[in-house]
Amino acid sequence: MALCFYDTLSRNKKAFEPIESGKVGLYTCGPTIYNYAHIGNFRAYMFEDLLSRYLGFRGYAVKHIMNLTDVEDKLIRTCRENGESLQVVTERYANAFFEDLDTLGIRRAEAYPAATDHIDEMVDMIKALRDKGHTYEAEGSIYFRLSTFEGYGKLSHMDMEELRDGASGRVDNDEYESGDARDFVLWKAYVEEDGEVYWETELGKGRPGWHIECSAMSMKYLGDHFDIHCGGVDNIFPHHENEIAQSCCATGAKFVNYWLHCAHLVVDGKKMSKSVGNFYTLRDLIDKGIDPMAIRWVLLSTHYRQPNNFAFEAVDGAKQALQRIRDFRQRLSEVQGAGDGLEERCAQCEAAFVKALDDDLNISGALGAVFEFVRAVNKALDDGVAGVDGAQQALSLLDKLDEVTGLFGEASDGAVAPDEIIARVNQRQQARRDKDFALSDEIRDSLAAEGWIIEDTPDGARVKRI
RNA sequence: GGCGGCAUCGCCAAGUGGCUAAGGCAGAGGCCUGCAAAGCCUCCAUCCUCGGUUCGACUCCGAGUGCCGCCUCCA
């Protein structure tokens, strides 16, 4: 079966066919950089990382664009509260964001365009919409008139007639100045609370609405019509719905071919919330001493359309699973002597891995295939069947699949024992040769207390970090 | 109130209208080991509840329960 994705618009799995053979234009909604991102945010970016990596693995040249929202209500409020400029705040959190991406092994997109660097593009787009009669002005702000776009609501399957009532009760009709409660703002006229945050443009003094940035920037970098657009399910309405309306009305062209949305992350089965005390930024977890790769494992290993339950027990499980892979690598790298190759095993594993991911990124199935491979190869090594060649093939396969998962690499820092530890390991080896097992065990226990585990192998002792 | 999603072993998590319901972690027993660790072997669920469709459902439909999301700017 060919590569397919579940498309939110059609509510169906569709075989993936790029607009231009061999190439993929991918736009993913990025963070509003007004605070540290939380692990729920990273669940989305992790899914997009997997998507992008896998498309690359399947031979596509991926052009991945992720926006940074650096002008928006919450940001302006933060600036006001902190007495800091927009630039200071956004620079701080943009830097933190990129650090966090690195911590989690999320690969960089090709570009991270910021909204404030694309005011001109947004203004041009709003002008185009105005020229075509899709907008109206109220008190200096410019709104998009939804009634001019008949496709509105198709993505979210919303019934527009019912939305009109403002059923959530959040629409304050007294303050409402636009013609229809569903209409959204393209350009916000300046108000005093905005402080230093404004642009003098042909549309007047003010700032862009939120939705317009993604339309303007995605089309600038990927063209009017591109392949894949991603985000969290909460973006479906109204953000992506609005993007479709703006973009289609501005260009008259189809906007996006595949809409992919990931489900949310919950913690211990509950919605993350500060008042419940289960709200975590990545930094919170790292401060607890959790291996970032274990976090990566947890965020990645649930299918993206499935709610991901972040539980600390699952983190422990992920840590052990990682250790199993790392021990396996270690073992493979130490194999000596001739023996059978593992071509068939490797091919089998890769085929199962690809088959799973081809099916709308079934990562769980793919990981299952890898563990079956690990067990089979361990057995072949136990039985003395496989040799150096096979071990090298297995390592190559892990490296290859690591390009997709980012989970199968070698342990990073702190895994190499310092000389002082090595000396004690050697001391223990001597004690063992002398049959002084009391001393031997004492050394082993003391090393364990410091976080170093000894494994005796036929070729000598091996130390590893817990 | 409207719309949508999810509910599988202690934990995480795949999956199929009908062979023995993946995999990881944890757990039990065994092999290996001076003892361990690692590895290997064996064991460990009938799929939220209640109805219905069907020769047959965990997989389809309905109701219920629970959790999650959206309903004007939250991944």
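Residues numbered from 1 in each chain as written. Chains lettered and ligands numbered in written order. Predicted model: local features only at pLDDT ≥ 70, side-chain atom pairs only at ≥ 80, totals over all residues. Heavy atoms only, no water.

Participant: Before we go on, may I ask you to explain the overall build of chain A in this structure?
Facilitator: From N to C terminus, chain A includes 15 helices and 16 strands. Seen through its principal axes, chain A has C-alpha atoms that stretch 90 × 50 × 35 Å. Looking at chain A as a whole, 50% of its 466 residues are labelled buried. Sequence-distant contacts in chain A: of pairs separated by 6 or more residues, those separated by 24 or more amount to 77%. For chain A, the accessible surface area stands at approximately 22,100 Å², while carbon and sulfur atoms represent 46% of it. Here chain A contributes 53 positive and 80 negative side-chain charges, whose respective centroids are spaced 4 Å apart. (Helix = DSSP H or I, 4+ residues; strand = E, 2+ residues; numbered from the N terminus. Buried < 20%, exposed > 50% of the residue type's maximum accessible area, 1.4 Å probe, protein only. Contact = heavy atoms within 4.5 Å. Areas by Shrake-Rupley, 256 points an atom, 1.4 Å probe, with all protein chains shown as cover. Lys, Arg positive; Asp, Glu negative; His and termini not counted. Charge placed at Lys NZ, Arg CZ, Asp CG, Glu CD.)

Participant: Looking at this structure, how should I read the packing of aromatic side chains?
Facilitator: A ring pair, where both rings are aromatic, is described by two values, the distance of the centres and the angle of the planes. Per the counting criterion, the structure on display carries 23 aromatic pairs. Ring-pair connections join several aromatic residues into one group, and the members of that group are F42, Y45, F97, F98 and Y112. When the ring centre of Y190 is taken as origin, the NZ or CZ atom of K205, which lies over that ring, is 4.3 Å away. Sitting above the plane of the Y198 ring, K205 keeps its charged end 4.2 Å from the centroid. (Phe/Tyr/Trp six-rings, centres within 6.5 Å; stacked < 30°, edge-to-face > 60°. Lys NZ or Arg CZ within 6 Å of the ring centre and 35° of its normal.)

Participant: Mind showing me how you'd approach empty space enclosed by the protein here?
Facilitator: Any empty space left between atoms is shown by rolling a water-sized probe over those atoms. For the coordinates displayed, the defined rule picks out 1 cavity of 30 Å³ or more. The volume enclosed by the largest cavity comes to roughly 50 Å³. Lining the largest cavity, in full, are R43, F47, L50, L299, L300, T302, Y304 and I363. Going through the elements one at a time, α1 (39-57) and α9 (292-300) are the ones with two or more residues in the lining of the largest cavity. (1 Å grid on protein atoms, 1.4 Å probe; cavity = no way out; pocket = protein on both sides within 12 Å on 5 of 7 lines; lining within 4 Å. Points joined across faces, edges and corners; volume = space filled by probe spheres on them.)

Participant: Just to check I follow, could you spell out the pairing of strand β6 (residues 141-144) for this structure?
Facilitator: Along any regular strand the residues' side chains alternate between the sheet's two faces. Because side chains alternate across β6, one face comprises the buried residues S141 and Y143, and the other comprises I142 and F144, equally buried. Where strand β5 (residues 135-138) and β6 come together, 4 bridges link them in antiparallel fashion. Within β6, the position partnered with T135 by the bridge is F144. Here β5 folds back onto β6, and the loop between the two strands holds 2 residues, one of which, E139, carries a positive phi near 50°. (Pairing = 2+ DSSP bridges.)

Participant: Even after reading the chapter, I still don't get the confidence of the model for chain A, so can you show me in this structure?
Facilitator: Do not read the predicted coordinates in detail wherever pLDDT is low. Of all residues in chain A, 94% attain a pLDDT of 70 or more, and the chain-wide mean is 90. pLDDT under 50 marks residues 164-178. Its contacts with residues more than four places away, or in other chains, come to 14 contacts. (pLDDT = per-residue confidence, 0-100.)

Participant: Looking at this model, I keep getting lost on the sheet that holds strand β3 (residues 23-28). Mind explaining?
Facilitator: Consider a sheet: its strands pair through backbone hydrogen bonds, and that pairing is either parallel or antiparallel. Spatially, β4-β3-β10-β11 is the arrangement adopted by the 4 strands of the open sheet, whose pairing is parallel. Each edge of the sheet is formed by a strand with only one pairing partner; in this case those strands are β4 (61-66) and β11 (256-262). For this sheet, the mean inter-axis angle between neighbouring strands, taken without regard to orientation, is 20°. The pairing of strand β10 (residues 226-232) with β11 spans 6 bridges and is classified as parallel. (Axes fitted to C-alpha atoms, helices over the stretch in contact; angles between N-to-C directions.)

Participant: Would you explain the pattern of salt bridges in this entry?
Facilitator: Think of it this way: side chains of opposite charge can pair up when their charged atoms draw near. Tallied over the full model, the rule gives 33 salt bridges. The partner of K13 in a salt bridge is D359, and the shortest N-O contact between them spans 2.8 Å. Separated by 346 residues along the polypeptide, K13 in strand β2 (residues 12-15) and D359 in the loop between α11 (343-358) and α12 (363-382) bring together distant segments of the chain. A residue is classified by how much of its surface remains accessible, and K13, at 43% relative accessible area, is partly exposed. For E420, the salt bridge is made with R424, and the minimal N-O distance between the two is 2.8 Å. Of this pair, E420 and R424 both sit in helix α14 (residues 419-433), 4 residues apart, roughly one helical turn. Overall, R424 belongs to the buried group, its relative accessible area being 16%. By sharing partners, the salt bridges in this structure join D327, E334, E455, R462 and K464 into a single network. (Salt bridge = Lys/Arg side-chain N within 4 Å of Asp/Glu carboxyl O.)

Participant: Hey, could you run me through the state of the cysteines in this one?
Facilitator: On inspection of all chains with the given rule, the structure shows 0 disulfides. Distance from the sulfur of C4, which forms no disulfide, to the nearest cysteine sulfur (C230) is 15 Å. With no disulfide of its own, C214 has C29 as its nearest cysteine by sulfur position, at a separation of 3.9 Å. (Disulfide = S-S within 2.5 Å.)

Participant: Even after reading the chapter, I still don't get the environment of T251, so can you show me in this structure?
Facilitator: Here T251 shows up in helix α7 (residues 236-251). Spatially, the C-alpha atoms of T251 and P31 are 26 Å apart, while their sequence positions differ by 220 residues. Only 2.9 Å separates the side chain of T251 from the backbone nitrogen of A253, close enough to count as a polar contact. (Polar contact = N/O pair within 3.5 Å; in protein donor to acceptor, adjacent residues only side chain to side chain.)

Participant: Which parts of the structure should I look at to understand helix α4 (residues 119-131)?
Facilitator: Its 13 residues place the ends of α4 18 Å apart at the C-alpha level, agreeing with the 18 Å of an ideal helix rising 1.5 Å per residue. Within the span of α4, buried status applies to I119, M122, V123, M125, I126 and L129. Viewed end-on, α4 has its buried residues packed into an arc of 165°, placing them on one side of the element. Turned more than 90 degrees away from the buried face of α4 sit D120 and D131, all of them exposed. Trailing α4 by a residue or two, G133 shows a phi angle of about 80°, which is positive. (Expected span 1.5 Å × (residues − 1). Arc of directions from axis to C-beta.)

Participant: I'm lost on the nonpolar core in this one. Help?
Facilitator: Across soluble globular proteins, you tend to see nonpolar side chains buried next to one another. Formed by 129 residues in total, the largest nonpolar core has its most connected members in F42 and I228. If you tally residues by element for this core, the top one is α1, at 10 residues. Two domains each put at least three residues into this core: domain 1 (4-262) and domain 2 (270-405). Among residues more than four places away in sequence, those in contact with I228 are F5, F16, V24, G25, L26, Y27, L51, L55, V256, Y258 and L260. (Core = buried A, V, L, I, M, F, W, Y, C linked by side-chain atoms within 4.5 Å. Domains from an automatic or database assignment.)

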